[in-house]
Amino acid sequence: MKPSALKDGRIVISISGEIVPGDSDGLKAAIKVANDAGKFVSSIRLNSPGGNLLEGAKIADAVRFAKMATNVGQGATCASACFLVFAAGETKFANYTAQIGVHGASDENGAETVQSNAATVSMAKMAKELGVPSAIIGRMVVTPPSEMVWLSPADLQSMGTTMVGKPIQLPVASAGPLAPQTQPGAPMQLQQATKASAPVSWKDFTNKAFELSRQQNGGTPKTLRSCQPEERTCATGVMFKLDGTDAIALTRENLDGKIVERELCTFNDFGDVRTCMDWDSKETHRDMKDTKGVWTKVSN
């Protein structure tokens with residue numbers, strides 16, 4: 001993390017390399033030093049392959065709060081956790097030769113688990129709050145952690161990025177291996193793979209949810225089954241905890257046994273409001289539970 005002064009006196013802070021715990025505090029300290037000297041930090045320059053997801057989210061919050069610009073310069077890379085920082089910019093700039101990429105999360109062994117999928121959902125929620133288009137968020141969620149989706153200039157422009165430099169015809173080759181990205185409490189290896197791997201299936205995800213629920217409930221998974229005659233659907237779910245938060249994987253079927261909806265939901269502390277992500281469309285919404293125990297959508 002390196003501050004530098006422009007000719008007009010404004011300060012630019014460059015963040016390069018892997019994002020690690022403590023970087024958000026370092027950024028805040030650098031901003032304070034500049035402000036105490038009567039200087040204004042106008043933008044953040046990024047060249048990072050990713051790193052600690054929680055730390056990236058904290059840096060993104062600081063960038064958004066300070067309404068700073070973000071910039072990925074010529075030949076620079078900004079992937080994984082770094083993407084959240086880039087998306088947080090009040091204004092965003094990217095060189096045509098820059099590489100900006102997204103993908104999902106994995107655990108410390110490079111595997112996709114219930115916890116890592118929840119971390120991906122959290123990353124997607126923050127990206128949505130930062131105004132990232134659903135098309136990009138969808139690719140973030142479905143891309144395995146062993147792969148990377150490099151965003152095109154059109155993708156970047158769709159999220160309000162100003163492209164600088166000269167357009168190129170072919171993407172630039174990766175500058176090197178990706179740094180690890182981690183969710184709170186557990187490291188997750190994120191490395192670019194030469195061989196593609198398939199996204200985790202709903203069946204695999206629910207199997208992992210059942211196993212986690214079994215471990216958390218004395219050997220017997222916590223499940224539910226309910227039907228809504230007015231909607232002519234029945235739902236089957238498995239409940240488990242993610243970092244202390246109640247969550248549920250739900251499958252809804254119609255009278256013909258056809259699956260009409262698959263969701264991953266997390267509950268608030270009172271258990272009466274839940275935030276859900278549609279497994280297929282990657283859209284999120286919130287539901288509220290009424291006094292009769294019926295869930296009603298309250299927002300998109």
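These figures come from a predicted structure and were not determined experimentally.

## Some points on the pairing of strand β15 (residues 259–267)
Pairing between strand β14 (residues 245–254) and β15: seven bridges, direction antiparallel. Within β15, the position partnered with leucine 250 by the bridge is glutamate 263. A loop of five residues connects β15 with strand β16 (residues 273–278), the two strands running antiparallel in sequence, and glycine 271 in this loop sits at a positive phi of about 75 degrees.

## What about the pattern of salt bridges?
One side chain can pair with another of opposite charge once the charged atoms of both are near each other. Summed over all chains, the structure comprises ten salt bridges. A salt bridge links aspartate 36 to lysine 32; the shortest N-O distance between them is 2.8 Å. Pair noted here: aspartate 36 and lysine 32 are both in helix α1 (residues 23–36), with a separation of four residues, about one helical turn. Exposure remark for aspartate 36: the relative accessible area of 59% places this residue in the exposed category. Overall, lysine 32 belongs to the exposed group, its relative accessible area being 51%.

## A short note on the state of the cysteines
Here a disulfide denotes a covalent bond joining the sulfur atom of one cysteine to the sulfur atom of another. In this structure the tally under the stated criterion is three disulfides. For cysteine 78, the disulfide goes to cysteine 82, at an S-S distance of 2.1 Å. Handedness here is read from the sign of the S-S torsion; for cysteine 78 and cysteine 82, about -105 degrees, the answer is left-handed. Residues cysteine 78 and cysteine 82 agree in their burial class; the two are buried. Shown here is the disulfide that connects cysteine 227 with cysteine 234, its sulfur atoms set 1.9 Å apart. Taking the sign of the S-S torsion, about 105 degrees here, the bridge from cysteine 227 to cysteine 234 comes out right-handed. Counting its disulfide-bonded cysteines in sequence order, the protein shows a connectivity of 1-2, 3-4, 5-6.

## Let's talk about the nonpolar core
Counting residues in each nonpolar core, the largest one holds 62 residues, and the members touching the most others are Ile13, Leu46, Phe83, Phe86 and Ile100. In terms of nonpolar packing, the next biggest core, distinct from the first, is built from seven residues, Ala235, Met239, Phe267 and Cys276 among them.

So, how was this worked out
Residues numbered from 1 in each chain as written. Predicted model: local features only at pLDDT ≥ 70, side-chain atom pairs only at ≥ 80, totals over all residues. Heavy atoms only, no water. Pairing = 2+ DSSP bridges. Helix = DSSP H or I, 4+ residues; strand = E, 2+ residues; numbered from the N terminus. Salt bridge = Lys/Arg side-chain N within 4 Å of Asp/Glu carboxyl O. Buried < 20%, exposed > 50% of the residue type's maximum accessible area, 1.4 Å probe, protein only. Disulfide = S-S within 2.5 Å. Core = buried A, V, L, I, M, F, W, Y, C linked by side-chain atoms within 4.5 Å.

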